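Summary of structural features
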Amino acid sequence: MNASRSVPVLDLDPFSDDFLAEPFSRHALIREAGPVVWLERYGVWAVGRHSDVFAVLMDWESFISSAGVGITDFRVQTPPRPPSIILEADPPLQTRTHKILARVLSPAALRSMRVAFETEAEQLAARIVERGTIDGAEDIARAFPLQVFPDAVGLPDEGREILPAYGNMVFNFFGPHNERFEHAMANAPAVSKAVMALCERSAVTPDGLAAGVFAAHDAGECSYAEAGMLVRSLLSAGLDTTVNSIACALVCFARFPEQWNRVRADPSIARNAFDEAVRLESPVQTFFRTVAKPVTIGGIELEDGAKLLMFLASANRDPRKWSDPDTFDVTRKTGAHVGFGAGIHRCVGEMLSKLEGEILIGALARRVARFELTAEPTLNYNNTLRGYAQIPLTIHANGKPT
Ligand code: HEM
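Keep in mind that what you see is a predicted model, and the values were worked out from it rather than measured. (Residues numbered from 1 in each chain as written. Predicted model: local features only at pLDDT ≥ 70, side-chain atom pairs only at ≥ 80, totals over all residues.)

Observations concerning the nonpolar core
For soluble globular proteins, nonpolar side chains are generally found buried alongside one another. Put simply, the test is: Core membership is restricted to buried Ala, Val, Leu, Ile, Met, Phe, Trp, Tyr and Cys residues, and these are joined into a nonpolar core through C-beta atoms within 7 Å. For the exposure call, what matters is how many other C-beta atoms sit within 10 Å of a residue's own: 20 or more marks it buried, 12 or fewer exposed, and in between partly exposed, using C-beta atoms placed from the backbone. Secondary structure follows DSSP: runs of H or I at least 4 residues long count as helices, runs of E at least 2 residues long count as strands, and numbering of each begins at the N terminus.
In this structure, Leu 250 and Leu 308 are the most contacted members of the largest nonpolar core, which totals 121 residues. Looking at which element gives the most residues to this core, the answer is helix α13 (residues 240-255), with 10 residues.

Written as structure tokens, this is what we have:
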């Protein structure tokens, strides 16, 4: 096996603080080493070039998700929570469940959320301009989705405060058993139980996204237990991803003020600006697959059962695919990025998160002339996600000297 090709072996730890603090130069090393590399520290394969990451995402028969999309192999280790019946599943189960959530999150359903999102975004924008000095991570990136998303799902006010701890648990779980993992998983049984209580039909409003999932159960498309699991998927995947994407976008706007000026001049590009931030920063940095049959990448044979790490963030800055990949350009054609995945598992909530991003950025563009960083933002270290714990900002209002 692999007798004729030498396998690039790298001694990198993609889950260490060092790596996570500055992942992008390490991604370049991975891309340059070859189409596929061996990360000896964890005994896993990894791909970082756009064409290879994309090919793996598209080939769900060779690279399966049902053995987990983290480093843990569900075939040999029992996961701490019942696996997702969409993200951590393969067809035919995933085909059925993806279809249900895609319908629940259809353009028609999203249209009905617009007014509530706009009202919240306007209030938030007015509030931060009034205050002048804020923590963008708390006062914008967390504040907005933490209000509008649970409302859209139809969660009661009571109990939703568990969601950040749950998101932290879910996304750290995909990594190795490092300190971050241990910390996030410390209260896993209690946190999971509290979240499952929110996924009962009796807990949710009759008109939100969760009610839509239970309607699919009424129509015979899934069991009651599966409906609860799909509501759980919305809660697992829908919040932290969007919070971090907004935080990343804010930091981009602060670091590239001329790009913010372009959004202010034409707020209709707010949605594309949000998508460009997702490309550049890749709030979801990585996901794993498990090799389900012998397969080759770049002439190197990957054995059945091996874990393969996809560096989505690396693909999104691969110079083979993008011109000026490290530049934030709010008018860039972003369509080919893999920040929302690709293929059958492509994010089912993409349009919802883009609606949130578009409306929030649009409201900010009408009021904020400039986001000024008053100190370096601090990263929120996570085994999967990239985002910020704190973004110290002075807000310069439109119409005032900047
Ligand atoms: C900017 C915010 C978001 C980002 C960057 C993001 C990213 C991703 C990525 C990369 C995947 C692919 C996973 C894979 O291939 O294994 C995915 C899948 C998924 N996302 Fe998102 N997501 C976001 C927002 C949301 C929202 C708001 C929801 C729910 C309302 C959501 C629900 C899901 C679900 C259920 C899946 C699994 C789909 C499947 O396996 O068929 N996501 N997301």
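Describing unusual backbone geometry
The amide bond that connects Pro 91 to the next residue, Pro 92, takes the cis arrangement and shows omega of 10°. Tracing the backbone shows Pro 92 in the loop between β4 (63-64) and α4 (93-104). We note that Ser 282 has phi near 50°; this positive angle belongs to a residue other than glycine. Residue placement: Ser 282 occurs in the loop between α15 (270-281) and β6 (286-291). Accessibility expressed as a C-beta count within 10 Å gives 27 for Ser 282, which makes it buried. Backbone geometry at Asp 324 places phi at a positive 45°, although glycine is not the residue there. Overall, the presence of 10 C-beta atoms within 10 Å leaves Asp 324 in the exposed class.

Observations concerning helix α2 (residues 23-33)
The following threshold applies: In this description, one arc is meant: the one made by directions from the helix axis to the C-beta atoms. Note on contacts: residues are paired as contacts if their backbone-placed C-beta atoms lie within 7 Å.
Regarding α2, the residues found buried are Pro 23, Arg 26, His 27, Ile 30 and Arg 31. Mapping the buried residues of α2 onto a view down its axis gives an arc of 145°, with all of them on the same face. Opposite the buried face of α2, by more than 90 degrees, sit the exposed residues Ser 25 and Glu 32. Buried residues along α2 sit in contact with β1 (9-10), α1 (17-21), β2 (37-39), β3 (44-47), β9 (307-311) and α16 (312-315). Gly 34 sits one or two residues past α2 and shows a positive phi near 155°.

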